[in-house]
Amino acid sequence: MDRSGALVIRAGWVFPATDETVLRDGWVLVEDGRIAAISASEPRAPGARRIDRPDATLLPGLIDCHVHLTLSGSGDWLREADDPTPVVAWNVARRAADTLRGGFTTIRTLGGRDRIEVLLRDEVAAGKMAGPRIRAANRVVCMTGGHGWWIGREADGPDEVRKAVREQIKDGADVIKMMATGGVMTPNVEPGAAQLGEDELRAGVEEARKAGKRTASHAQGSDGIMAAVRAGINSIEHGFFLTREIVGEMQERGTFLAPTLAAARGLADAEPGSIPDWARAKARAVREPHLESFQLAVSAGVRVVLGTDAGTPYNYHGRNAWELELMVEAGLSPIQALIAATRNGADLLDVLDVVGTLDVGKRSDLLLVRGDATQDVAAILSDNRADGGILAVIQDGRVVVDRLDEQPA
Ligand SMILES: [Zn+2]
């Protein structure tokens, strides 16, 4: 057998993310881009590249279910929304590469423009551009003047929502994003207020389902969240004002929650004057209920995914693993946070048969991190720590980020 390109990786900790089990001193064999074996002793693979890291953790490549590659993380997003398309596209390509270098091998983009992320998805899949696997929403569907209109397709009434959804699918979207409530980053709307109604959301979900697409809803206020859940949305984004009744319904229906703690933190902690005052005031007002809602959802058994909302102010592409630290700070165990960032994300994005766990036969999207990431998720972002930092990112069996020979700072 030709083993050129095969890899044998030994790691001090191997976390398959199939359950909470961590293998001490495990071996993974990668052949033809797939995981060929996971074992407790060295597999026979003459000719394979051997990576021997007893000081490191091997886990599935991370998945971010909520990013905006067309936004930079600046405090002036409304102006940025008017940037010329080619400029945005160059920056999107760079941010996708940064995201991959940050350990994320799959992302879902939930609001872009001009089909940029849809087209980049295809370039990445063809091996022509560096970046994570992309599931793209293209434009968000919102009511007239509703949250996100500045990156949105405004639609009013079920029939127009149907048409808006059909347009996104025609433009190549993998997933449909609809806005059920107001939000922090749009002037003259309130996060707690409902926007697209249940009838409109239902129509959108139905159109998406007909095309075999899943749905996500920006949903912050209770009435809007409940409408989205009842309409059959696959994931609630943000979920600032959850109630017992809502989390019960989510748990029963299997609705995922992407809490986007990094977005909330970036906006609420922004220095006065660095973002518009109206946005800062809204972000600070929802801070407490957001954390309480996240904890309520976790205690009710709602499945959580990692979603950063990267691209929102001070929430940068490539730093997506910050969300793991914030989820742990908010009460998840490091292993629960890693499962949210791998298996659960793959399940929501409908790619669990391909990636998301270390299972024989799956595509080998892997992350090798110095230290024991199953005890300390901060090891992933800690480039400047002797016991942390990303050593390698492997995508489809290829080592696309290779810092194996670098000495820690
Ligand atoms: Zn977003």
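Residues numbered from 1 in each chain as written. Predicted model: local features only at pLDDT ≥ 70, side-chain atom pairs only at ≥ 80, totals over all residues. Heavy atoms only, no water.

Student: Mind showing me how you'd approach the overall build of the chain here?
Tutor: Along the backbone of the chain there are 11 helices and 16 strands. Rg of the C-alpha trace for the chain: 21 Å, near the compact-globule value of 22 Å for 409 residues, within the 12% margin. Once the C-alpha set of the chain is aligned to its principal axes, its extents read approximately 65 × 40 × 40 Å. Looking at the 409 residues of the chain, the share that counts as buried comes to 59%. Contacts in the chain between residues far apart in sequence, at least 24 positions, make up 69% of those at least 6 positions apart. Approximately 15400 Å² of the chain is accessible, and the part contributed by carbon and sulfur atoms is 47%. Charge-centre separation for the chain: the mean point of 48 positive side chains lies 3 Å from the mean point of 59 negative side chains. (Helix = DSSP H or I, 4+ residues; strand = E, 2+ residues; numbered from the N terminus. Rg over C-alpha atoms; globule rule 2.2 N^0.38 Å. Buried < 20%, exposed > 50% of the residue type's maximum accessible area, 1.4 Å probe, protein only. Contact = heavy atoms within 4.5 Å. Areas by Shrake-Rupley, 256 points an atom, 1.4 Å probe, with all protein chains shown as cover. Lys, Arg positive; Asp, Glu negative; His and termini not counted. Charge placed at Lys NZ, Arg CZ, Asp CG, Glu CD.)

Student: Sorry if this is basic, but what is going on with the side chain of E237 here?
Tutor: Topologically, E237 is positioned in strand β12 (residues 235–238). Of note is the side chain of E237, whose polar atom sits 2.6 Å from the side chain of S235. (Polar contact = N/O pair within 3.5 Å; in protein donor to acceptor, adjacent residues only side chain to side chain.)

Student: Can you help me understand the environment of R280 in this one?
Tutor: Inspection of the secondary structure puts R280 in helix α9 (residues 277–299). Accessibility expressed as a relative area gives 19% for R280, which makes it buried. In this view, R280 contacts L267, A270, E271, P272 and I275; residues no more than four positions away in its chain are not counted.

Student: Looking at this model, I keep getting lost on the domain arrangement of the chain. Mind explaining?
Tutor: Where the parts come together, the accessible area they lose is often given as the size of the interface. Here the chain is described as being made up of domain 1 (7–60 + 358–402) and domain 2 (62–348). The distance between the C-alpha centroids of domain 1 and domain 2 comes to 29 Å. Across the boundary between the two partners, domain 1 contributes 25 residues, which contact 24 residues of domain 2. Between domain 1 and domain 2, a total of about 2000 Å² is buried, with carbon and sulfur atoms accounting for 67% of that surface. The largest per-residue losses of area from domain 1 upon contact with domain 2 belong to V377, L381 and Q395, which jointly make up 30% of the total buried on that side. Connecting domain 1 to domain 2 are two salt bridges. For R133, the salt bridge goes to D396, with nearest N and O atoms at 3.2 Å. Joining domain 1 to domain 2, the criterion identifies five residue pairs in polar contact (both at pLDDT 80 or more). Top element by residues in the side of domain 1 that touches domain 2 is strand β15 (residues 390–395). It accounts for four residues. Tallied by class, residues from the side of domain 1 that touches domain 2 come to 16 nonpolar, four polar and five charged. (Domains from an automatic or database assignment. Buried area = accessible area lost by both parts, 1.4 Å probe. Salt bridge = Lys/Arg side-chain N within 4 Å of Asp/Glu carboxyl O. Nonpolar A, V, L, I, M, F, W, Y, C, P; charged D, E, K, R; others polar.)

Student: Help me out: how do you make sense of the sheet that holds strand β7 (residues 133–136) in this one?
Tutor: Consider a sheet: its strands pair through backbone hydrogen bonds, and that pairing is either parallel or antiparallel. Here three strands make up an open sheet; going across it, the order is β5-β6-β7 and the pairing parallel. Since the sheet does not close on itself, it has two edges, and those belong to β5 (62–67) and β7, each with one partner. Between one strand and the next, the sheet's axes are offset by a mean angle of 15°, whatever the strand orientation. Relative to strand β6 (residues 104–109), β5 is paired through four bridges, and the arrangement is parallel. (Pairing = 2+ DSSP bridges. Axes fitted to C-alpha atoms, helices over the stretch in contact; angles between N-to-C directions.)

Student: Help me out: how do you make sense of the sheet that holds strand β2 (residues 23–31) in this one?
Tutor: Strand order in this open sheet of seven strands is β3-β2-β1-β4-β14-β15-β16, and the pairing throughout is mixed. At either margin of the open sheet sits one strand with a lone partner, and together these are β3 (34–39) and β16 (398–402). Each adjacent strand pair in this sheet contributes to an overall mean axis angle of 35°, direction not counted. Relative to strand β4 (residues 49–60), strand β1 (residues 7–14) is paired through seven bridges, and the arrangement is parallel. Bridging across to β4, A11 finds its partner in R53. Helix α2 (residues 85–101) contacts β15 and β16 of the sheet and is inclined by roughly 115° relative to β15.

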